[in-house]
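Fold and geometry: a report
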Amino acid sequence: MAKKIPFNVVFASDEDASFPASELNTHGPTVHGWRSAVDSGASTHDIILRFHQPAKIYRIQLLAHQYLIPEKVELWLHYSPKSIPSTPSSQYFDFLGFVALADNANTNYKSRELQSVTVNPRRGTHLKLRLIGAHCNEFNASQQIALMAVNVLGEDLESAAINDGDEHLASETPPIDTATGELALASVCDDLLFSMYVEESIVQHIRELEQCKLKAVSSERFEYARKLKLCMTALRTAGERLGRYALAKRQAVQQEDFSAAKLRKEQIEMYRTCVLKELQVHQLLETDGALSQNDQSCEIYAGGKPSLPPAPSLQDVAHALAEAAISPKRASAQRDKSPIDVSSNDVVSAVVAPAAALHLLAKSHDELPQSPRLPMASRHSSPMSSRQGSLRRRNKSAPRNSYEDYEERAIPTLRQECQGNALLEADPNRSRSRLNDRERRQAALPILVFGSELVEQFYSRQFQDREDGLLRLRNFLKEREKVEAEGNEHAASPNKVARSAALLLHRAVRDAVYSVFSQATETVRVLFLEYVPGRVSPNEVARCVDRLLPELLAKSGDPSARLHTLAQHTILSIAACPQVAEQHLVAPALSRSVGSGTHQRLAMSRLQMLEQLVHTQGISSDKHSGLTCRALSDCGCSGIHHPAEPVRKVAERILLLVYKVNPRLVRKQLPPDDDITRRNLLYRQLFTEFDKLDLERKQELLEGSKYVDGYNPSNGADFMQPSTSTDASRILKSMNGGAGATDNGYVSCNGKQQYNEQLKRSMQSASNSRKGSATNSESTEEATPKTNCPFCGWCCSGSDASQLDRHYWKACPFLTKCPQCSQVLEVAALNYHLTTECEAKESYVVCTRCTESVHKQLYELHQMEDFCRELQTGAARCPLCHDDVHLPLDGGWKLHLLSAGGCPGNIRKRNLKKAN
């Protein structure tokens, strides 16, 4: 198996003094990496690595910088059996290849690109990296380039193999893991993705646990091996967190904030000790021999992944250091009052008190309950409520980094009283600091309306405080009606109350804690459904909706099902408010076109909510409502081209709702209903549903015509009478475009004749479209989707329509997927689709010789192929196997695709056999 090959950097063409090339010798979260000199002017930079001993190289890994990125990196390898030259010249190196690096603009220069290059097994003693060019961006004005880490994977050469020739290496292949298909590593710690983000001491523990796991498997101690595997997984998570702590400590040292660096150092030690004790790492390592309890099940490893202890915050570390400083003074006071007894345990405990106090938190995890939330009654009665945090930021207006946001959050835990053995609860109000100037300016109006105490709860870092604030706000809105009924002159106006509540709820609906978000959505519903009606002005209602609706729409695309369902329910509740419905504030935001790049969950939520609004509020004629036929049809037509099938299904249902009201508008926005269009499976299903609705409408017209114009087919009598069927009149008017209809409810004979002619033409066109879409003439019932495939004759034993959809999508040999847009269509229509209908049609041209659709960049190579030949008269060219399909086209395509031999280039033949 491959392992990490250690090396040293022996040459670098140039380097920045603060980022030398020697940084590449080690891996870890705190390494700086190599960086070229500022304004060096050179476009090429060379770095030479020398392996500690000759090795057989399998893979080379490069980790680039986030914005100081070279355009490409060339790899050169040199092999010297005696390893005499320390820095061999370029003529001794063999060129392996190069790696092109992306400019990283799509990630806003925040991510690092990791490139893993697998090479044929080659012997080597030196590796040269030649970095060429630099990607220009706004963060790299000096045209520097950097390399964060280099990792070489391979095997050490034995002394006997060093003197052998290189001929046998060409036939060798690197060791591949059959389960994953990747390079088989001796240890997961050798991977650069692991070693760069996990703390070094944790990496060493994981290496030792891996060796123990191999021994346990060989001796068939499987329970012990399972514990080791779970422990390594948990240690990796803890190691990544320790790596972030180490980065924060390095950042504090660079800023010369040595107090914070000391706290970070103690925090790393406390958390590492706590994790090793919680996971029983020293017991699993079995340094003193095999232990029987490792082969028995225990509570920590009974389930799946073992739980890690909570990480200590900086306040916990400061509190532990304060306890450590107090303990020696207390011990010296006891020695002054009583004679010294060397054998006394008190003296021993006094001596070791400073070291033990540093691990106070690790001890408390074994004695105290693990629940992070405490009863509400005990928060305000804690004797430690007056104690303030010992760590305060000196500049509150300065931007906070992610480490401070994560580490300085307060977790309510149980502390041990120094004066006694009683366990007292820490008051969570300690972490709810006063509002700073910026927050007070933002919340000036809510403070004026609701008071400073309630607003501080919304800005608190304790999620329990934020829940209490939302509960108080909800009760305030419910009781506001009584206050206004009493006519209190000092009470704020309803508009100010609504605006202040919207400002606070805008912050609450963005909360990452589900319980807080749930309380926030409930308060939003109370605001719009109970408080706003009859009190708040329309302009203020629009301002509140504009503030809250974008955040709720973003939450409606959340991966969590309960989050996006709750967000959808809240948006529909806002839309149900009478003042919101009158101003049409929600539907226009939902009826915007759905692009192909819109995320599936967000597009799905928007279309589902729009469909629900159509059912509840109906289709409107007001052009500002967002529920007009044109707005809905535009949204539905954009949704049916979305890559996700669930989104297309909802968009089809919206189009069907619009088609019932205005079929002409929907038909106008879709491609023409002909044979070529119906070869696309998407349009085939949609037009089939349209045909059903047309038939239902025609049946209603036939039944309603007897009452509209008094025509009785039995006796052929024509006479005039008032209209007694409103629905029939409406449908007749929509079909005839208003011809023959009058305002007094009568229909003239001329109108009846126009209606009969229009009805004949409609029925004839519907019949022709059904005949053209099917392979043979079938009845209306036979044209509806069944469990039989109309292309290849495949059938299934059940009546589930989804089985037929899966057959179309994966198995039907008569259909194929477009290689560019993944639409399912007939094989015979693929060439036409690529040049006229596909999203990538600008990149394809028709070959003048064989009439196939060819990519522009491959056109010259295509004409050099043997299958690019003149098309025979009366034949078509198959895009899969490039053979000629002879007339008749329908029968020829069926014979070519569905025969026993079938199309040689069609991979769906095997899929069809598996499906059958």
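Residues numbered from 1 in each chain as written. Predicted model: local features only at pLDDT ≥ 70, side-chain atom pairs only at ≥ 80, totals over all residues. Heavy atoms only, no water.

When you go through the protein chain residue by residue, the secondary structure sums to 34 helices and 16 strands. Scored against the burial criterion, the 916 residues of the protein chain give a buried share of 44%. Long-range contacts, defined here as pairs at least 24 residues apart, represent 66% of the contacts in the protein chain between residues at least 6 apart. Surface exposure of the protein chain reaches about 47,400 Å², of which carbon and sulfur atoms provide 50%. (Helix = DSSP H or I, 4+ residues; strand = E, 2+ residues; numbered from the N terminus. Buried < 20%, exposed > 50% of the residue type's maximum accessible area, 1.4 Å probe, protein only. Contact = heavy atoms within 4.5 Å. Areas by Shrake-Rupley, 256 points an atom, 1.4 Å probe, with all protein chains shown as cover.)

A word on the state of the cysteines. Cysteine pairs can be covalently joined through their sulfur atoms, and such a bond is termed a disulfide. Applying the stated criterion to the full structure yields 0 disulfides. Note on Cys812: no disulfide assigned, nearest cysteine sulfur contributed by Cys789 at a separation of 3.8 Å. (Disulfide = S-S within 2.5 Å.)

It is worth spelling out the pairing of strand E8 (residues 146-156) at this point. Burial analysis of E8 places 9 of its 11 residues in the buried class, the great majority of the element. One ladder, built from 2 bridges, connects strand E1 (residues 3-4) with E8; its direction is antiparallel. Across the sheet, the residue bridging to Lys3 is Gly154, located in E8. Bridging between strand E3 (residues 34-35) and E8 involves 2 bridges; their strand directions are antiparallel. Following the sheet pairing, Arg35 is matched in E8 by Ala146. Across 9 bridges, the pairing between strand E4 (residues 44-64) and E8 is antiparallel. Counted as the bridge partner of Leu63 is Ala149 from E8. (Pairing = 2+ DSSP bridges.)

Looking now at helix H5 (residues 258-278). Here H5 contains 21 residues, and its C-alpha end-to-end distance of 30 Å stays within 8% of the 30 Å for a straight helix at 1.5 Å per residue. Inspection of H5 places Ala261, Leu263, Arg264, Glu266, Gln267, Ile268, Met270, Tyr271, Arg272, Cys274, Val275 and Leu276 among the buried residues, and these make up the whole buried set. Gln280 lies just past H5 and shows a positive phi near 60°. (Expected span 1.5 Å × (residues − 1).)

A few words now on the confidence of the model for the protein chain. Predicted confidence across the protein chain gives a mean pLDDT of 75, with 72% of residues reaching 70 or more. Strand E10 (residues 423-425) is the least confidently modelled element of the protein chain, averaging 31 in pLDDT, while helix H17 (residues 538-555) averages 92, the highest of any element. In this model residues 337-431 is a low-confidence stretch, pLDDT under 50, and it forms 117 contacts with partners more than four residues away in sequence or in other chains. Counting contacts from residues 706-785, a segment whose pLDDT is below 50, to residues more than four positions away or on other chains yields 85 contacts. (pLDDT = per-residue confidence, 0-100.)

Now for the packing of helix H16 (residues 514-531) against helix H18 (residues 561-575). With their axes 9 Å apart at the nearest point, H16 and H18 run at an angle of 10° to one another. When the axes of H16 and H18 are compared, the pair comes out roughly parallel. Residue-level contacts link Tyr514, Phe517, Ser518, Thr521, Val524, Arg525, Phe528 and Leu529 of H16 to Arg562, Leu563, Leu566, Ala567, His569, Thr570, Ser573 and Ile574 of H18. Of the residues contributing to the contact of H16 with H18, the split by class is 9 nonpolar, 5 polar and 2 charged. (Axes fitted to C-alpha atoms, helices over the stretch in contact; angles between N-to-C directions. Parallel < 35°, antiparallel > 145°, perpendicular 65-115°, else oblique. Nonpolar A, V, L, I, M, F, W, Y, C, P; charged D, E, K, R; others polar.)

This brings us to the packing of H18 against helix H21 (residues 600-617). Put simply, H18 and H21 touch, their axes get as near as 11 Å, and they point 35° apart. The hand of the H18/H21 crossing is right-handed. Facing H18, whose interface residues are Gln568, Ile571, Leu572 and Ala575, H21 presents Ser605, Gln608, Met609, Gln612, Leu613 and Gln617. For the contact of H18 with H21, the class distribution of residues is 5 nonpolar, 5 polar and no charged. (Left-handed = near helix turned anticlockwise from the far one by under 90°.)

Now for the side chain of Ser853. Mapping Ser853 onto the fold places it in strand E14 (residues 853-855). At 2.5 Å, the side chain of Ser853 forms a polar contact with the backbone oxygen of Asn831. For Ser853, the contacting residues outside a window of four places in its chain are Asn831, Tyr832, Leu834, Thr835, Tyr844 and Val845. (Polar contact = N/O pair within 3.5 Å; in protein donor to acceptor, adjacent residues only side chain to side chain.)

For the rest of this paragraph, the subject is the environment of Glu611. For Glu611, the position within the fold is in helix H21. Measuring from C-alpha to C-alpha, the distance between Glu611 and Leu632 comes to 9.4 Å, with 21 residues separating the pair along the chain. Once residues lying within four places of it in the same chain are set aside, the contact partners of Glu611 are Val650, Arg653, Ile654 and Leu657.

Further remarks concern the nonpolar core. Ranked by size, the top nonpolar core spans 84 residues in total, and within it Leu527, Phe528, Val580 and Leu670 carry the most contacts. Considering each element in turn, this core owes the most residues, 9 residues, to helix H23 (residues 645-661). Once you skip the residues sitting within four places of it in the chain, Leu670 turns out to touch Cys637, Ile640, Tyr683, Leu686, Phe687 and Phe690. Core analysis: the next-biggest nonpolar cluster, separate from the first, contains 31 residues, Tyr224, Ala246, Ile268 and Ala311 among them. (Core = buried A, V, L, I, M, F, W, Y, C linked by side-chain atoms within 4.5 Å.)

A complete count under the given rule lists 10 aromatic pairs for this structure. Relative to Phe690, the ring of Phe687 lies with its centre 6.0 Å away and its plane at 55°, an arrangement referred to as tilted. Of this pair, Phe687 and Phe690 both sit in helix H26 (residues 681-708), 3 residues apart, which is roughly one turn of the helix. The pair Phe687 / Phe690 is uniform in exposure class, with both members buried. (Phe/Tyr/Trp six-rings, centres within 6.5 Å; stacked < 30°, edge-to-face > 60°.)

Our next topic: the environment of Asp884. Assignment of secondary structure puts Asp884 in strand E16 (residues 884-886). Remark: the alpha-carbon pair of Asp884 and Leu871, spanning 13 residues in sequence, is separated by 7.3 Å. Within polar-contact distance, the side chain of Asp884 engages the side chain of Arg877 at 2.7 Å.

A separate point is a nonpolar patch on the surface. The grouping of Leu114, Leu193 and Tyr197 at the surface amounts to a nonpolar patch, some 240 Å² of accessible area in total. One can find Leu193 in helix H2 (residues 192-195). We classify Leu193 as partly exposed; its relative accessible area is 45%. (Patch = residues over 30% accessible without salt bridge, like charges linked within 9 Å, V, L, I, M, F, W, Y side chains within 5 Å. Salt bridge = Lys/Arg side-chain N within 4 Å of Asp/Glu carboxyl O.)

Turning to the environment of Ser18, a few remarks are in order. Within the secondary structure, Ser18 is located in the loop between strand E2 (7-12) and E3. Ser18 gets classed as exposed once you look at its relative accessible area, which sits at 52%.

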